[in-house]
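Observations on chain architecture
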Amino acid sequence: MEFLSQSANTFGYASGAWSIWSLSDGYVDLPAETLRYPNDKSDRQSSRRKDSLVRLSVNCFLFDRCNEDRVLIDCGAGGSWDPSMGHLWKAMAEAGIDSSSITVVALTHAHGDHINGLLMPDGQRAFKNLSRIVIGEDAVQGFLAEPKLAEFRSLLAPTNGGDRLADHLLSVAIPGHAPGHMGYLLSTNEDDILFCGDLIHVPAAQFARPELTWAYDEDELLARTSRLKLLQEAARARTWLAGAHFGRPGIGRIVEQGRGYAFVPAG
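What comes next concerns the included structure.

Definitions and cut-offs
- Residues numbered from 1 in each chain as written.
- Predicted model: local features only at pLDDT ≥ 70, side-chain atom pairs only at ≥ 80, totals over all residues.
- Heavy atoms only, no water.
- 1 Å grid on protein atoms, 1.4 Å probe; cavity = no way out; pocket = protein on both sides within 12 Å on 5 of 7 lines; lining within 4 Å.
- Points joined across faces, edges and corners; volume = space filled by probe spheres on them.
- Helix = DSSP H or I, 4+ residues; strand = E, 2+ residues; numbered from the N terminus.
- Nonpolar A, V, L, I, M, F, W, Y, C, P; charged D, E, K, R; others polar.

**Some thoughts on the layout of surface pockets**
The computed volume of the largest pocket comes to approximately 250 Å³. Lining the largest pocket are 14 residues; nearest its centre among them are Val172, Leu194, Lys229, Leu230 and Glu233. Among the secondary structure elements, those contributing two or more residues to the lining of the largest pocket are strand S12 (169-173) and helix H6 (220-237). When residues in the lining of the largest pocket are grouped by element, the largest group, six residues, is from H6. Here the residues of the lining of the largest pocket sort into 10 nonpolar, two polar and two charged. Of the voids in this model, the second largest pocket is the one considered here, and its volume is about 200 Å³. In terms of lining residues, the second largest pocket is bounded by 19 residues, among which Trp89, Ser99, Met120, Ala126 and Phe127 are the most central. The leading source of residues in the lining of the second largest pocket is helix H2 (residues 88-95), at four residues.

Laid out in structure tokens, this is it:
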């Protein structure tokens, strides 16, 4: 994958005929004790840790081939959460991406920092020509539970792991974090890039110790199992990973290091 460009909120890459954009929606600060240790217990050895915060990047991704086959992976928080998020529109402007060109959004799951960006902070539609929202079948119920997104329900296109969405794009089930948590594997003929959603929340800790879980995982044991399996596979196959909460640029490769892994960001 070849580096093309960078701005305050974007990184651009090329792979074969494809352009791949990492687009920052912002960040969110959450309690460090939300990171959970083996046996599903928080680390409570230090009172300092209880009062500390971890900063999570919030990333969205877009790929296209010659301005066709354009897909946006997740769409950020919109105006639904902290004001430090909801800035996808700014990143797209920096990258020269016209929001009206987005016709397909593929959601990794139905949490607010991934779906609420369908609406701008002012409540207007973010993507006026949107025609399809790909979403894990088991995530549909969570989407339907958001009344402010009711206008998008007719656009939902449920998918399951193993479904081929196009000749170059495969749905990959990554269970544990949320119902219907889905990854999307893009094959460019030069690289495989897996957009893996919330596989990892705290990169500084969970690459080296992938057994650590996150209190917001619906099933922490299953999320841990998915993470261990996928990191092992990605390291062996040299698959690029693009994560919703990886540190910028949000895309990189995984290498084995000690009992865990190290994340090598894309150049």
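**A few points about empty space enclosed by the protein**
Overall, the coordinates contain two cavities of 30 Å³ or more when judged by the stated rule. What the largest cavity holds in volume is close to 60 Å³. Together, Ile174, Pro175, His177, His181, Asp198, Leu199, His201, Asp217, Ala223, Ser226 and Arg227 line the largest cavity. Here the lining of the largest cavity is built from residues that sort into four nonpolar, four polar and three charged. Every residue along the wall of the second largest cavity is listed here: Asn59, Phe61, Ile73, Asp74, Thr108, Phe195, Cys196, Gly197, Ala242, Gly243 and Ala244.

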